Number of protein chains: 2
Amino acid sequence: MAQPMPDEMLKNTKLINELADVAKDTALLQGVLMRIQETPNLSELVVYAPFTLFPTAVPKAIYHQALAVQTHYNILVDKISQDVDFLQETLASTIAVDDFTARLFRIHQQILKEGRAPSIALGINRSDYMLDQRDNGSLSLKQIEINTIAASFGGLASRTPYVHRHVLKVAGRLEDSKRILDNNPAAGLSRALAKAWELYGSNSAIIIFLVEKSQVNIFDHRYVENDLWKRNIPTKRMQFEDIYKMGCLDQDRRLFVNDQEVAVVYFRNGYMPQNYSSEQSWDARLMMERSLAVKCPDIGTHLAGTKKVQQVLARPGVLERFFPDQPQVVEQIRATFTGLYALDMGPEGDKTVEMALAAPERFVLKPQREGGEWRGAGACPS
Amino acid sequence: MAQPMPDEMLKNTKLINELADVAKDTALLQGVLMRIQETPNLSELVVYAPFTLFPTAVPKAIYHQALAVQTHYNILVDKISQDVDFLQETLASTIAVDDFTARLFRIHQQILKEGRAPSIALGINRSDYMLDQRDNGSLSLKQIEINTIAASFGGLASRTPYVHRHVLKVAGRLEDSKRILDNNPAAGLSRALAKAWELYGSNSAIIIFLVEKSQVNIFDHRYVENDLWKRNIPTKRMQFEDIYKMGCLDQDRRLFVNDQEVAVVYFRNGYMPQNYSSEQSWDARLMMERSLAVKCPDIGTHLAGTKKVQQVLARPGVLERFFPDQPQVVEQIRATFTGLYALDMGPEGDKTVEMALAAPERFVLKPQREGGEWRGAGACPS
């Protein structure tokens, strides 16, 4: 899409309504689905997941920039996850006030004290970007956040290229439809999980999808589950309480649930305080972290994804700690940084509000997930 | 599937419930969808279409028998559709009592009188079979009916092989899952329609899907529409009243709707009296039949699919009329005939009821679609 949709097309209400009908049916047929909020654990009534009618044009150079910098981000997350001192220093102030991060951190400390099992960790990270438009009209890539646990929509996003292609075709924009790139994150996710399963090395072991009680977004997961079944790798959906009730470690710290050996635990849960509804949830988490099973992610990677870490990374000299001899990598990562502004009560928060009200289109609000606070994270005003 | 599912598996309620959950989600993701009855013209809430948890085992020889005989059935329908005398003789008694068939027949007569446009007719027929089990346990193929207009579920059926394969895999029956054949009637339907479009010979002309007011089954159609769009053949969904209001014939009897030339009219409507909600519906039907556009099906093929024709075909000597020099073809078709029993008031109907009550498992009830009566069509007691 070299150009956005022309105004005359966007103003043609009849055409737009027709295209919306086609788009909805196409999304439904392609499996861009969610359960409904009223019955989150039944698949009797489903809806299409929210999506845009037309795709957003992304300049080619920015797209390739995002692809290139992602590898650096992944290495960065991995280094942080293993840097015990950095995590401790960085999270000290958060731990003091926030019980959720404190409990995660205690598990991390306990695992280190006991001696980590010689297990494999798998990181699946999702970086979220927005395009920042300068006054001169030029666009730049700004990262809003990186998700290191339970990142969603890799499944559903695998089907949206087809939806947009079809909508553009029906809109009479055949050439635009051909410009939409393939995108199959579900295949990437299952390839990564299959590799972890293979490295674990037991043909009879299963991959657990650790899921929440409310399973509105189950279809997003099913893509990855189905891809794994195609590879003849068995998967099971379980909740913390299933692990607690039916799970155990053998003397070699192999994890068994309901007498089945577990090769990989894939967290689609466990990123929010409310996911831990009881002490049993925490006991289950600890058991999994202690085990030989591959964790996706392990507790260190989970902690590396906290907003506090992202804030600290923006301070001078911090990226250099992780890439001491790679100034180009540091530069590429830093180029995508945006400001993270606190919305606390007090002078710092007041300044943020003032700035946001002056240019509201330049900000997004993001929850501080590990603490339940809210902070503003947006494109830095130039 | 050489064998049906073992009893111990069918009695394992927990497993069956788990498999049902997997099956529903798989069907939904594969697009085995319907709109809900409450909102048949909106795609805001959808459900999975009914399907069986496990596939039905069909002996290989019977499967190949069905494939082979279908070509003969298609030729038979085509011959009947063009045999003016046979249609007149056969339908005379129906026309006398049934207004719907009478009106269809009048259109047929009028087209003949005016001189048929040199147009192409496309037949898409769906034969429905059941397996008849004899007392000695042997199975035989029995045709229940043939649908020559608006036959449904070619789209949704294209996705069920995947659903059954996945369910069997999750059930631990990998070898059975490999035995399920591919089946893609949607591809066959769109290939046929594309061929008709190509033979019509105008690149800018469209294919009309003539649809009902209630569009609960829209997803079934969308498969075929989407396949045609992939071939860059434009389709539009229209109702009788759209054709009436916006349609016209030019001096060469080319059909235009809303200034767009129509290459093919694909009937997903028009098979039931209630589809003709006004005189406008009949006027629209006549206009389409008069036109150069390819009709799928044309009025003769529609009439050839009436139950009355099926009943008469079972009489001695009738098949021979259409295949005078092909006794083997006659034999192959006749081998699949079942009895068609009238349920009229009177001695014939009484006899049917008595027979049906004596062996209810050997009968199905089918509506006499052209008349709104009900008749029994079932496996002939041996």
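The rules behind these values
- Residues numbered from 1 in each chain as written.
- Chains lettered and ligands numbered in written order.
- Predicted model: local features only at pLDDT ≥ 70, side-chain atom pairs only at ≥ 80, totals over all residues.
- Heavy atoms only, no water.
- Helix = DSSP H or I, 4+ residues; strand = E, 2+ residues; numbered from the N terminus.
- Rg over C-alpha atoms; globule rule 2.2 N^0.38 Å.
- Buried < 20%, exposed > 50% of the residue type's maximum accessible area, 1.4 Å probe, protein only.
- Contact = heavy atoms within 4.5 Å.
- Areas by Shrake-Rupley, 256 points an atom, 1.4 Å probe, with all protein chains shown as cover.
- Lys, Arg positive; Asp, Glu negative; His and termini not counted.
- Charge placed at Lys NZ, Arg CZ, Asp CG, Glu CD.
- Buried area = accessible area lost by both parts, 1.4 Å probe.
- Salt bridge = Lys/Arg side-chain N within 4 Å of Asp/Glu carboxyl O.
- Polar contact = N/O pair within 3.5 Å; in protein donor to acceptor, adjacent residues only side chain to side chain.
- Nonpolar A, V, L, I, M, F, W, Y, C, P; charged D, E, K, R; others polar.
- Patch = residues over 30% accessible without salt bridge, like charges linked within 9 Å, V, L, I, M, F, W, Y side chains within 5 Å.
- Phe/Tyr/Trp six-rings, centres within 6.5 Å; stacked < 30°, edge-to-face > 60°.
- Core = buried A, V, L, I, M, F, W, Y, C linked by side-chain atoms within 4.5 Å.
- Axes fitted to C-alpha atoms, helices over the stretch in contact; angles between N-to-C directions.
- Parallel < 35°, antiparallel > 145°, perpendicular 65-115°, else oblique.
- Left-handed = near helix turned anticlockwise from the far one by under 90°.
- Least-squares fit on C-alpha atoms with pLDDT ≥ 70 in both.
- Pairing = 2+ DSSP bridges.

**Student:** How should the overall build of chain A be read in this particular structure?
**Tutor:** The secondary structure content of chain A amounts to 17 helices and 13 strands. For 382 residues, the compact-globule estimate of 2.2 N^0.38 gives 21 Å, and the C-alpha radius of gyration of chain A, at 22 Å, lies within 12% of that figure. Along the longest, intermediate and shortest principal axes, the C-alpha atoms of chain A span 70 × 50 × 40 Å. Counting the 382 residues in chain A, one finds 52% classified as buried. Pairs at least 24 apart in sequence give 71% of the contacts found in chain A among residues at least 6 apart. Only carbon and sulfur atoms are counted for the fraction: they give 53% of the accessible area of chain A, which is about 18,100 Å². Here chain A holds 44 positive side-chain charges and 46 negative ones, and the gap between their average locations is 3 Å.

**Student:** When you look at the interface of chain B and chain A in this model, what are you seeing that I'm missing?
**Tutor:** Often the size quoted for an interface is simply the accessible area lost on bringing the parts together. Contacts between chain B and chain A engage 32 residues on the former and 32 residues on the latter. Taking both partners together, chain B and chain A bury about 2,900 Å²; carbon and sulfur atoms supply 56% of that area. Of all residues in chain B, the largest losses of buried area upon contact with chain A belong to Asp25, Leu29 and Trp229 of chain B, amounting jointly to 23% of the total for that side. Summed over the shared surface of chain B and chain A, the result is six salt bridges. Our count for the contact surface shared by chain B and chain A stands at 13 residue pairs in polar contact (both at pLDDT 80 or more). Going through the elements one at a time, helix H2 (13-29), strand E1 (33-35), strand E2 (46-48), helix H7 (160-170) and helix H10 (218-230) of chain B are the ones with two or more residues in the side of chain B that touches chain A. When its residues are assigned to classes, the side of chain B that touches chain A shows 16 nonpolar, six polar and ten charged.

**Student:** I would appreciate a short explanation of a nonpolar patch on the surface in the present structure.
**Tutor:** Together, Val58, Tyr63, Leu67, Leu131, Leu139 and Leu181 of chain A make up an exposed nonpolar region whose accessible area comes to about 490 Å². Looking at the secondary structure, you find Leu139 of chain A in strand E4 (residues 139-147).

**Student:** What's the story with helix H7 (residues 160-170) of chain A in this structure? I'm lost.
**Tutor:** For an α-helix, the turn length of 3.6 residues means that residues three or four places apart are oriented alike. Most of H7 of chain A is tucked away, with eight of its eleven residues classed as buried. Close packing links the buried residues of H7 of chain A with helix H2 (13-29), helix H6 (154-157) and helix H8 (174-178) of chain A together with H10 of chain B. Looking one or two places after H7 of chain A, you find Gly172 of chain A, whose phi comes out positive at around 85°.

**Student:** What is the right way to look at the pattern of salt bridges in this model?
**Tutor:** Should their charged atoms come close, side chains of opposite charge can pair. All names here are of chain B. Scanning the entire structure with this criterion turns up 50 salt bridges over all chains. Here Glu241 and Lys213 are joined by a salt bridge, their closest N and O atoms 3.9 Å apart. Pair noted here: Glu241 is in helix H11 (residues 240-246) and Lys213 is in the loop between strand E5 (206-210) and H10, with a separation of 28 residues, a long-range link. Across the salt bridge formed by Asp220 and Arg268, the nearest N and O atoms sit 3.1 Å from each other. Taken together, the positions of Asp220 in helix H10 and Arg268 in the loop between strand E9 (260-267) and helix H12 (279-290) put the pair 48 residues apart, joining distant regions of the chain.

**Student:** Just checking my understanding: could you explain the packing of aromatic side chains for this structure?
**Tutor:** Ring pairs (aromatic) are described by centroid distance and by the angle formed between their planes. For the structure on display, the rule yields 14 aromatic pairs over all chains. Pairing Phe100 of chain A with Tyr276 of chain A gives two aromatic rings, centres 5.7 Å apart and planes at 55°, and the pair type is tilted. Residue Phe100 of chain A is located in helix H5 (residues 99-114), and its partner Tyr276 of chain A is located in the loop between strand E9 (260-267) and helix H12 (279-290); the two are separated by 176 residues in the primary sequence. We classify Phe100 of chain A as buried; its relative accessible area is 4%. Judged by relative accessible area, Tyr276 of chain A falls into the buried class, the value being 8%. Aromatic pair Phe86 of chain B and Phe322 of chain B: ring centres 4.9 Å apart, planes at 90°, arrangement edge-to-face. Taken together, the residues span a long stretch of sequence, with Phe86 of chain B in helix H4 (residues 84-97) and Phe322 of chain B in helix H15 (residues 318-322) at a distance of 236 residues. One exposure class covers both Phe86 of chain B and Phe322 of chain B, and it is buried. Feature note: the residues Phe100, Phe240, Tyr276 and Trp282 of chain A constitute an aromatic cluster, connected by ring pairs.

**Student:** Is there a simple way to explain the environment of Phe209 of chain B in this structure?
**Tutor:** All names here are of chain B. You can see Phe209 is positioned in strand E5. A C-alpha to C-alpha distance of 38 Å links Phe209 and Asp325, two positions 116 residues apart in sequence. If we ignore the near neighbours within four places in the chain, the residues touching Phe209 are Leu193, His221, Val224, Glu225, Leu228, Thr235, Lys236, Arg237, Met238, Tyr266 and Arg268.

**Student:** Even after reading the chapter, I still don't get the side chain of Asp227 of chain A, so can you show me in this structure?
**Tutor:** Residue and element names in this part refer to chain A. Residue placement: Asp227 occurs in helix H10 (residues 218-230). For the buried residue Asp227, which engages in no salt bridge, the nearest side chain bearing the opposite charge is Lys230, 4.0 Å off. Among all residues touching Asp227, those that are not within four sequence positions of it are Ala186, Ala187 and Ser190.

**Student:** Which parts of the structure should I look at to understand the nonpolar core?
**Tutor:** Among soluble globular proteins, nonpolar side chains are generally buried collectively. Judged by nonpolar contacts, the single largest core of 56 residues is most densely connected at Phe54 and Phe219 of chain A together with Phe54 and Phe219 of chain B. Setting aside anything within four residues of it in sequence, one finds Phe219 of chain B in contact with Asp25, Leu28 and Leu29 of chain A together with Leu33, Met34, Arg35, Ser43, Val46 and Leu156 of chain B.

**Student:** How should I be thinking about the packing of H2 of chain B against H7 of chain B in this particular structure?
**Tutor:** Angle between the axes and distance between the axes are the two parameters that describe a pair of packed helices. All names here are of chain B. At a minimum axis distance of 9 Å, the contact between H2 and H7 shows a crossing angle of 150°. If you check the angle between H2 and H7, you find them roughly antiparallel. Every pair of crossing elements has a handedness; the one defined by H2 and H7 is right-handed. Counted together, Leu19, Val22, Ala23, Thr26 and Ala27 of H2 and Tyr162, Val163, His166, Val167 and Val170 of H7 form the full contact between these two elements. Grouping the amino acids of the contact of H2 with H7 by side-chain chemistry returns eight nonpolar, two polar and no charged.

**Student:** I'm lost on the packing of H10 of chain A against H2 of chain B in this one. Help?
**Tutor:** At a minimum axis separation of 11 Å, H10 of chain A and H2 of chain B run at an interaxial angle of 95°. The orientation of H10 of chain A with respect to H2 of chain B, classified from their angle, is roughly perpendicular. Residues Ile218, Phe219, Arg222, Tyr223 and Asn226 of chain A of H10 of chain A form the contact with H2 of chain B, whose own contacting residues are Asp21, Val22, Asp25, Leu28 and Leu29 of chain B. For the contact of H10 of chain A with H2 of chain B, a count of residues per class yields six nonpolar, one polar and three charged.

**Student:** Would you take a moment to explain the environment of Ala151 of chain B for this structure?
**Tutor:** All names here are of chain B. With respect to the secondary-structure elements, Ala151 resides in the loop between strand E4 (139-147) and helix H6 (154-157). For the pair formed by Ala151 and Arg126, sequence separation is 25 residues and the distance between their alpha carbons is 6.1 Å. With sequence-adjacent residues up to four places away left out, Ala151 is seen in contact with Arg126 and Arg268.

**Student:** Just checking my understanding: could you explain the relation of the copies chain B and chain A for this structure?
**Tutor:** Relating one copy of the chain to the other takes a rotation about an axis and a shift parallel to that axis. For these two chains of identical sequence, chain B goes onto chain A by a turn of 180° and a shift of 0.0 Å along the axis, with RMSD 0.1 Å. Between the two chains, the operation in question is that of a two-fold axis. Nearest to the rotation axis, the C-alpha of Val46 of chain B is located 2.7 Å from it, this being the minimum over chain B. When you check the interface residues of chain B against chain A, 100% turn up at the interface there too, and the contact is symmetric in its surfaces.

**Student:** Quick question: what am I supposed to make of the pairing of strand E6 (residues 235-238) of chain B here?
**Tutor:** The side chains of a regular strand alternate between the sheet's two faces. Pairing geometry for E5 of chain B and E6 of chain B, over four bridges, is parallel. Among the inter-strand pairings, Leu210 of chain B is bridged to a residue of E6 of chain B, identified as Met238 of chain B.

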